[in-house]
Amino acid sequence: MRLAFALTLASFLLPFSLHAQTLERIKEAGEIRLGYRTDAAPLSFENDAGQPQGYTPIVCYAVVEHLAKQLEMEKIDIQFIRVSTEDRFEKVANDQIDLLCGAASITLERLKTVDFSLPTYVDGATVMLQNDAPNSLAELTGQKIGVRGGTTTEAGLRNTLADEGISAEVVTFDSHTDAMAAMEAKEISGYFADQSILMNLYLQSADRSQYKIFDQILTLEKHGLALRRGDSDFRLAVDTALSEMYRNGAMEQAFRKALPGVEPGGALAALFLLAPINP
C-alpha cells in the first residue's frame, strides 16, 4: 500500500518537478526555445528570409539577454519555432517551446492551460470597413463581417454584436490574407481584428482609399508571453527581465522599432508607465 501511495504521489509531483527545471535546462543546453506567430504583423510575423520579426520577438530577444545575465551565462542561443493560432498553447503546455513570443491575449480560459508573464502589450479589436460602408456598427445589420476564426477576437465580435443587437453575418477566415482578399473583392463589408493588425493591413494595402478603420476600440486585451504552468522560477525570471525593460525604456523602444512613426495609444502608453514592479 505504501508503494502504491508513493507511486501515485510521484505521478502528481513529476510534472511540477519537470516544469521547475526550465532555467536549469536552459543553462545546461545553452539554448532557449521561443515560439512565434508568422501571421500577426506587426506584433509577430516572418520576413521573406524566414526570420521572426515584430514587436514581440524584439521584446523576447531582450528578455533572453536579461536571462543570460541572471544565469551568469555569456549568451543563450535562441531556437525559434513557428506556431499557429491552433497549436501555440499546446506547444507551451507540452514542453515543445519555453516561451511564446507571439500575439497572445491573457484570458482566464487560457490560464487553465498556460501561465503568462507580466503584460507586454495592450491592444483592442476594431473593424476595417469598406470606404462606402456605414460609419456606425448599428448600421451593419444585414452586412457580412469577417474575422479570424478560433480567436478571442471572434468571441469579442460575436459578443459585441449580441450586446448591440446587431444582426450581421459573421464570416470566419483562416488568415488575415484571405480576409483582405475578401475585402478587395467586396465579399464582406468589414474585417474585425486587433487594431495593430488592421493598421498593418491598411498600410500594406495597394489601395488604401478603399478602406477606413473604425475610430473606436471595441475590446481591450492585454497580451503576455505564455509559459508552462507551475514553473514559478522561470516566470519570475521572465517578469524580472520585463520589469527592468519597462524601467529602462526598452519596451517603448521595441514598440517604436516595430512600428516606426506610430504613436502608442493611451492604454499602451499607460502600460509603459505603470507596468514596472518595484525591486
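Thresholds, definitions, all that
- Chains are numbered independently. Their residues run from 1 in the order of the written sequence.
- Local features in a predicted model are, by the rule used here, given only for residues with pLDDT of at least 70; side-chain atom pairs are given and counted only at 80 or more, and totals for whole chains, interfaces and linings are based on all residues.
- Water and hydrogen atoms were dropped before computing side-chain values, which therefore reflect all heavy atoms in the structure.
- Residues are called lining when one of their atoms sits within 4 Å of a cavity or pocket point, these points coming from a 1 Å grid over the protein atoms alone, where a cavity is a set in which a 1.4 Å probe fits but cannot get out and a pocket is an open set with protein on both sides within 12 Å along at least five of seven lines.
- Grid points are joined across faces, edges and corners, and a volume is the space filled by probe spheres set on the points.
- A run of H or I in DSSP counts as a helix once it spans at least four residues, and a run of E counts as a strand once it spans at least two, with each numbered from the N terminus.
- Under the scheme applied here, ten amino acids are nonpolar (Ala, Val, Leu, Ile, Met, Phe, Trp, Tyr, Cys and Pro), four are charged (Asp, Glu, Lys and Arg), and all others, including Gly, are polar.
- Throughout this description, the term nonpolar core refers to a set of buried Ala, Val, Leu, Ile, Met, Phe, Trp, Tyr and Cys residues connected via side-chain atoms within 4.5 Å.
- Relative accessibility under 20% of the residue-type maximum defines a buried residue, over 50% an exposed one, and the middle range a partly exposed one, all with a 1.4 Å probe and only protein chains included.
- It only takes one pair of heavy atoms within 4.5 Å for two residues to be counted as in contact.
- Here, a disulfide means two cysteine sulfur atoms that sit within 2.5 Å of each other.
- Axes, fitted as lines to C-alpha atoms, cover a helix only where it is in contact. Angles between the N-to-C directions of the axes lie from 0 to 180 degrees.
- We call two directions roughly parallel when the angle between them is under 35 degrees, roughly antiparallel when it is over 145, roughly perpendicular when it lies between 65 and 115, and oblique otherwise.
- With the far helix as reference, a near helix turned anticlockwise by less than a right angle produces a left-handed crossing, and one turned clockwise produces a right-handed crossing.
- Read the arc as the range of directions from the helix axis to the C-beta atoms.

Caption draft 1: Main features of the layout of surface pockets. Space inside the largest pocket adds up to approximately 460 Å³. Lining of the largest pocket is provided by 22 residues; of these, Ala41, Pro42, Asn200, Leu201 and Gln204 occupy positions nearest its centre. Those elements that place two or more of their residues in the lining of the largest pocket are strand S2 (39–40), helix H6 (176–184) and helix H7 (195–204). In terms of residue class, the lining of the largest pocket is built from twelve nonpolar, eight polar and two charged. In this model, the second largest pocket occupies a volume close to 330 Å³. Contributing to the lining of the second largest pocket are 18 residues, with Tyr121, Val122, Asp123, Gln195 and Gly265 lying nearest its centre. For the lining of the second largest pocket, the residue count by class is eleven nonpolar, five polar and two charged.

Caption draft 2: Here's a closer look at the nonpolar core. Membership of the largest hydrophobic core comes to 40 residues, with the highest contact counts inside it found for Tyr55, Val63, Ile76, Leu99, Phe234 and Leu242. Counting residues per element, the ones that place at least two in this core are helix H2 (22–29), strand S1 (31–37), helix H3 (55–70), strand S8 (121–123), helix H8 (232–247), helix H9 (250–258) and helix H10 (266–274). Examining the composition of this core, we find that eight residues originate from one element, H3, more than from any other. If we ignore the near neighbours within four places in the chain, the residues touching leucine 99 are Arg33, Leu34, Gly35, Cys60, Val63, Leu225, Ala226, Leu227, Phe234 and Val238.

Caption draft 3: A look at the state of the cysteines. Tallied over the full model, the rule gives one disulfide. Here cysteine 60 engages in a disulfide with cysteine 101; their sulfurs sit 2.0 Å apart. On the sign convention where negative is left-handed, the bridge of cysteine 60 and cysteine 101, at about -100° about the S-S bond, is left-handed. Residue cysteine 60 is located in helix H3, and its partner cysteine 101 is located in the loop between strand S6 (99–100) and strand S7 (114–116); the two are separated by 41 residues in the primary sequence.

Caption draft 4: Expanded view of empty space enclosed by the protein. Applying the stated criterion across every chain yields a total of one cavity of 30 Å³ or more. The volume enclosed by the largest cavity comes to roughly 180 Å³. If you go around the largest cavity, you meet 19 residues; those closest to its centre are Arg37, Thr151, Thr153, Asp194 and Ile197. At the level of elements, helix H5 (152–164) and strand S12 (190–194) are the ones that each hand at least two residues to the lining of the largest cavity. Broken down by element, the residue count for the lining of the largest cavity peaks at four residues, all from S12. Along the lines of polarity and charge, the residues of the lining of the largest cavity split into seven nonpolar, six polar and six charged.

Caption draft 5: Highlighting the packing of H3 against H8. Interaxial distance between H3 and H8 falls to 9 Å at its minimum, and their mutual angle equals 115°. Overall, the two elements H3 and H8 adopt an arrangement that is roughly perpendicular. Taken as a pair, H3 and H8 cross one another with a handedness that is right-handed. Residues Val59, Ala62, Val63, His66, Leu67 and Gln70 of H3 pack against Phe234, Ala237, Val238, Thr240, Ala241, Leu242, Glu244 and Met245 of H8. A per-class count over the contact of H3 with H8 returns ten nonpolar, three polar and one charged.

Caption draft 6: Structural detail: the packing of H2 against H8. Their axes nearest at 7 Å, the elements H2 and H8 cross at an angle of 70°. The orientation of H2 with respect to H8, classified from their angle, is roughly perpendicular. From H2, Thr22, Leu23 and Ile26 reach across to H8, where they touch Asp233, Phe234 and Ala237.

Caption draft 7: Up close: H9. Along H9, the residues classified as buried are Met251, Ala254 and Phe255. Across the axial projection of H9, the buried residues extend over an arc of 100°, all falling on one side. For H9, exposure combined with an orientation more than 90 degrees from the buried face picks out Gln253 and Lys257. Contact partners of the buried residues in H9: H3, S8, H8 and H10.

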